[in-house]
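Topology and contacts: notes
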Amino acid sequence: MPSPEKSAALEARMEALGVTHESLVEKFIHGSGSGGQKVNKTASCVYLKHLPSGIEVKCQRERSRELNRFLARRELCEQLETIRDGKKSARQQAREKIRRQKRRRSRRQKNKMLDAKSKHAQKKNLRKPPGGND
């Protein structure tokens, strides 16, 4: 269960976005995936649909229904803010940053990096004492 401060902050955020409880369709459905019998028997997965925008959110991160309700609402707010502001959310930016970091370097970039490394190695070799048997 989220703290009252977090709940109040989420309510204020929803109000600022113009999301009312009447404009939401909320269903509790059986979960799926790992977790075994308990997950399959309890309806702790939350499905939210915002009628005016048509955005659908499904949340099954936690075992608690209340916590999943909170997380689903927060996710809905993030998506609405992304649409409203036209900018990418923090999560999307982080995902793209990781993708850039993992991307293969071009041949030119790779050669440039290897040149820099070899220059650094030469500089370090010059610092070694002459005739050192290390």
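Before reading further, recall that the structure is shown in the block above.
Now for a description of the structure that goes with this document. (Residues numbered from 1 in each chain as written. Predicted model: local features only at pLDDT ≥ 70, side-chain atom pairs only at ≥ 80, totals over all residues. Heavy atoms only, no water.)

Quick look at the nonpolar core
- In terms of nonpolar packing, the biggest core is built from 16 residues, with Val19 and Leu76 touching the most fellow members.
- Mapped onto this core, the elements with two or more residues apiece are helix H1 (4-17), strand S2 (45-50), strand S3 (55-59) and helix H3 (65-85).
- The element contributing the most residues to this core is H3, with 6 residues.
- The residues contacting leucine 76, other than those within four sequence positions of it, are Val19, Leu24, His50, Ile55 and Val57. (Core = buried A, V, L, I, M, F, W, Y, C linked by side-chain atoms within 4.5 Å. Buried < 20%, exposed > 50% of the residue type's maximum accessible area, 1.4 Å probe, protein only. Helix = DSSP H or I, 4+ residues; strand = E, 2+ residues; numbered from the N terminus. Contact = heavy atoms within 4.5 Å.)

A closer look at empty space enclosed by the protein
- Scanning the entire structure with this criterion turns up 1 cavity of 30 Å³ or more.
- Quantified by volume, the largest cavity comes out at close to 30 Å³.
- Taken together, Arg61, Leu71, Arg74, Glu75, Glu78 and Arg91 form the lining of the largest cavity.
- The element best represented in the lining of the largest cavity is H3, accounting for 4 residues. (1 Å grid on protein atoms, 1.4 Å probe; cavity = no way out; pocket = protein on both sides within 12 Å on 5 of 7 lines; lining within 4 Å. Points joined across faces, edges and corners; volume = space filled by probe spheres on them.)

Things to note about the pattern of salt bridges
- Across all of its chains, the model carries 7 salt bridges by this definition.
- Its salt-bridge partner being glutamate 81, residue arginine 13 comes within 2.8 Å of it at the nearest N-O pair. On the criterion of sequence distance, the pair formed by arginine 13 in helix H1 and glutamate 81 in helix H3 is long-range, its members being 68 residues apart.
- Its relative accessible area of 22% is what places glutamate 81 among the partly exposed residues.
- Across the salt bridge formed by arginine 61 and glutamate 75, the nearest N and O atoms sit 3.9 Å from each other. With arginine 61 in the loop between S3 and H3 and glutamate 75 in helix H3, this residue pair connects regions lying 14 residues apart in the sequence.
- Ionic contacts of the salt-bridge type, sharing partners, join the residues Glu26, Glu66, Arg69 and Arg73 into one network. (Salt bridge = Lys/Arg side-chain N within 4 Å of Asp/Glu carboxyl O.)

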